[in-house]
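Topology and contacts: notes
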Amino acid sequence: RLLKMKKREEEINKCIIEYLINKKYNNSVEPFLQDTGLKRTDATTGNKLEKKWGTLLSLQKKISDLESEVKQLKEDLERGGAGLSDKAKKEAELMGLPKSIPKATIRGHRQGITCLCFHPFYKRLASGSDDASIIIWECDEFTEERSLKAHSDTINCLTFDNNGKYLASCSSDLSIKIWNFDTMTVYRTLNGHEHTVSSVEFTPDGNFLYSASRDHMIKYWDINTGNCKNTLKGHEEWVRSLSLNTKGDLLASSSDDEKIFVWQTGTNTVQHELYGHSNKIECVLFLKNEKSIYNVYTSDYASANKLGVTEENKDENKDKDKDQNDLAKLNEKLLKKQELLKAKDKVNKEYLFSACRDKTIKLWDAIGGVCIFTFTGHDNWVRSLCEHPNGKYIVSCSDDKSVRLWDLKTGLCQKKLLNAHEKFVVTVSMSPKCKLLATGSNDLTIKVWDCS
């Protein structure tokens with residue numbers, strides 16, 4: 001032990017000699033050499049003292065952040081473990097639009113990025129790729145924490161359960177892996193699909209999982225046993241995407257057959273078949289943030305829908321005379337005020353977004369089964385969607401290399417990140433914990449955008 005301490009002391013002295021020489025503190029060098037019995041040639045190289053000091057400060061910051069995370073997680077556990085705490089919700093509401101210049105560009109995958117997913121509580125980002133690997137990134141220095149390899153083909157989707165205990169991955173190798181995120185090991189492997197598995201979604205309690213596949217099927221799994229409990233059939237082509245609402249009683253699925261199905265999960269029956277897109281539908285997303293739902297509910301386009309002005313019939317209303325239009329506007333305002341008074345803080349609505357290769361994003365009333373609004377602006381396939389944590393925007397990315405943030409109150413594009421990547425932007429994710437937006441592209445990079 002004494003030998004180790006002496007060796008450590010000698011190493012520190014060598015670092016100090018290097019520092020004094022580099023800073024040209026000549027009056028201090030010679031006395032220090034005499035006191036230690038070392039020579040100038042014993043000095044280390046590579047600015048070791050400054051680097052070690054920088055590392056120490058970085059570690060102190062990480063320890064402070066981890067202590068805050070532990071405190072926050074204890075609060076979450078006391079609340080039942082699910083969802084954001086009240087403090088986290090308030091912080092999420094303060095999140096803004098992404099800066100125009102990325103905070104970081106991350107490289108590590110050998111092929112294109114296919115999916116991204118932030119951990120609900122930790123400052124961690126999971127990425128999947130065509131190279132069949134999953135990488136876990138820490139979100140302070142954006143360094144690789146762990147590489148997970150168990151699939152043998154493209155990773156198509158990644159998702160965490162609400163408590164952040166499990167990470168689910170699905171692949172073109174026909175399998176689904178459930179990872180224990182604490183140990184970074186495979187907890188379950190689910191086999192049963194006959195073709196590429198394209199999407200996975202945990203139920204709110206985290207005990208079950210839905211999966212969608214190119215075999216036209218949707219499967220319902222018990223992750224504790226690994227058994228398939230049910231198979232939902234209805235789509236005629238590749239099922240691309242799935243999304244559950246907050247309660248877990250509605251499941252949306254999109255397909256290459258240009259249809260969206262809204263399923264009742266209790267009975268496994270189709271409640272609505274939604275038509276309107278004119279190409280393959282890449283993504284569906286239920287709004288889950290109460291503020292997002294409220295902003296849609298009180299928007300001008302949603303109010304028009306309440307008066308019977310839908311996407312399907314709005315063109316017919318253009319020819320109505322001025323008096324009728326003025327009356328409709330007056331009724332609309334009165335109706336809105338009455339409903340806002342009734343609604344207060346809770347809105348009993350389910351809204352669903354869809355992104356399509358026809359370059360559009362559509363917003364649907366999932367209970368009424370009608371299209372409320374169509375967001376237009378992208379110049380190529382719209383590939384992925386995510387909800388902004390502050391409840392004001394929906395975020396989309398496209399093969400036109402752009403990322404766009406759409407205002408839920410007005411339906412207008414509030415922010416454009418043009419040429420966000422050198423190639424197609426295929427996936428997008430946001431974190432209320434880190435106040436970051438992450439985008440992935442088949443240019444092999446992940447870009448991280450500051451939203452603080």
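Quick look at the structure, then.

What counts, and where the lines are drawn
Residues numbered from 1 in each chain as written. Predicted model: local features only at pLDDT ≥ 70, side-chain atom pairs only at ≥ 80, totals over all residues. Heavy atoms only, no water. Helix = DSSP H or I, 4+ residues; strand = E, 2+ residues; numbered from the N terminus. Buried < 20%, exposed > 50% of the residue type's maximum accessible area, 1.4 Å probe, protein only. Contact = heavy atoms within 4.5 Å. Areas by Shrake-Rupley, 256 points an atom, 1.4 Å probe, with all protein chains shown as cover. Phe/Tyr/Trp six-rings, centres within 6.5 Å; stacked < 30°, edge-to-face > 60°. Lys NZ or Arg CZ within 6 Å of the ring centre and 35° of its normal. Pairing = 2+ DSSP bridges. Axes fitted to C-alpha atoms, helices over the stretch in contact; angles between N-to-C directions. Expected span 1.5 Å × (residues − 1). Polar contact = N/O pair within 3.5 Å; in protein donor to acceptor, adjacent residues only side chain to side chain. Core = buried A, V, L, I, M, F, W, Y, C linked by side-chain atoms within 4.5 Å. Patch = residues over 30% accessible without salt bridge, like charges linked within 9 Å, V, L, I, M, F, W, Y side chains within 5 Å. Salt bridge = Lys/Arg side-chain N within 4 Å of Asp/Glu carboxyl O.

1. Remarks on the overall build of the protein
If you tally the helices and strands in the protein, you get seven helices and 28 strands. Per-residue burial for the protein yields a buried fraction of 50% across its 452 residues. In the protein, of all internal contacts separated by at least 6 residues, the share reaching a separation of at least 24 is 50%. Total accessible area computed for the protein in this model is approximately 22,500 Å², and 48% of it derives from carbon and sulfur atoms.

2. Remarks on the packing of aromatic side chains
Under the definition given, this model contains 12 aromatic pairs. The interplanar angle of 25° and the centroid separation of 4.6 Å between the aromatic rings of Y301 and F373 together place this pair among those described as stacked. You can see Y301 sitting in helix α6 (residues 300-306) and its partner F373 sitting in strand β21 (residues 370-376), a full 72 residues away along the chain. These aromatic residues form a ring-pair network of at least three members: Y301, F353, F373, F375 and W406. When the ring centre of W238 is taken as origin, the NZ or CZ atom of R240, which lies over that ring, is 3.8 Å away. It is R357 that lies over the ring of W381; its NZ or CZ is 3.9 Å from the centre.

3. Some points on the sheet that holds strand β18 (residues 281-286)
Pairing is antiparallel in the open sheet, where four strands are placed in the order β18-β19-β20-β21. Edge strands, defined here as strands with exactly one partner in the open sheet, are β18 and β21. For this sheet, the mean angle separating the axes of adjacent strands, direction not counted, is 20°. Across five bridges, β18 lies against strand β19 (residues 351-356) in antiparallel orientation. What sits directly across from C283, in β19, is A355.

4. Some details on the pairing of β19
In summary, the side chains of a regular strand alternate between the two faces of the sheet. Among the six residues that make up β19, six are buried, leaving the element largely enclosed by the rest of the structure. Here β19 shows two buried faces, one formed by Y351, F353 and A355 and the other by L352, S354 and C356. Taken together, the five bridges between β19 and strand β20 (residues 360-365) define a ladder with antiparallel strand orientation. Note on β20: the bridge partner recorded for S354 is K362. Turn length for the β19-β20 hairpin, with the two strands adjacent in sequence and antiparallel, is three residues, and the turn residue K359 shows positive phi of about 75°.

5. Considering unusual backbone geometry
With a phi angle near 75°, H216 is a residue other than glycine that sits in the positive phi range. Relative to the helices and strands, H216 is located in the loop between β11 (208-213) and β12 (217-222). You will see that K401, though not glycine, has its phi angle at about 75°, which is positive. Along the chain, the position of K401 falls in the loop between β23 (393-398) and β24 (403-407). A residue is classified by how much of its surface remains accessible, and K401, at 30% relative accessible area, is partly exposed.

6. Considering helix α1 (residues 2-22)
Relative to the 30 Å expected for 21 residues at 1.5 Å per residue, α1 spans 30 Å between its end C-alpha atoms, a close match to the ideal helical length. Within the sequence span of α1, burial applies to N13, C15, I17, E18 and L20. Once α1 finishes, K24 follows within two positions and takes phi at roughly 60°, a positive value.

7. Some thoughts on the side chain of S384
By the element assignment, S384 lies in strand β22 (residues 382-387). Beyond its immediate stretch of four places on either side in the chain, S384 contacts C283, V395, S396, C397, V426, T427 and V428.

8. Topic: the sheet that holds β23
Strand-to-strand pairing in sheets goes through backbone hydrogen bonds, with the strands running parallel or antiparallel. Here we have four strands laid out as an open sheet, ordered β22-β23-β24-β25, and antiparallel in their pairing. At either margin of the open sheet sits one strand with a lone partner, and together these are β22 and β25 (413-417). On average, each strand axis in the sheet is tilted by 20° relative to the strand beside it, whichever way the strands run. When β22 meets β23, the two strands line up antiparallel, connected through five bridges. By the bridge assignment, V382 is partnered in β23 with S398.

9. Things to note about the side chain of T445
The topology assignment puts T445 in strand β28 (residues 445-450). For T445, a relative accessible area of 5% corresponds to the buried category. At 3.1 Å, the side chain of T445 and the side chain of H421 are in polar contact. Not counting residues within four places of it along the chain, the set of residues in contact with T445 comprises T105, I106, R107, I113, H421, T439 and G440.

10. Concerning the nonpolar core
It is characteristic of soluble globular proteins that their nonpolar side chains tend to be buried jointly. Counting 22 residues, the largest nonpolar core has Y301, Y351, F353, L363 and F375 as the members making the most contacts within it. Of all the secondary-structure elements, those providing two or more residues to this core are β18, α5 (290-297), α6, β19, β20, β21 and β22. In contact with Y301, not counting residues within four places along its chain, are V296, L363, I372, F373, F375, L408, K409, T410 and G411.

11. Examining a nonpolar patch on the surface
Nonpolar side chains collect at one region of the surface, where W53, L56 and L57 lie side by side and expose about 310 Å² of accessible area between them. With respect to the element layout, L57 can be found in helix α3 (residues 48-78).

12. Focus on the pattern of salt bridges
Per the stated rule, a full pass over the model turns up 14 salt bridges. Notably, a salt bridge pairs K280 with D256, separated by 3.9 Å at the nearest N-O pair. Of this pair, K280 sits in the loop between β17 (269-274) and β18 while D256 sits in the loop between β15 (250-255) and β16 (260-264), placing them 24 residues apart in sequence. Given the relative accessible area of 12%, D256 is considered buried.

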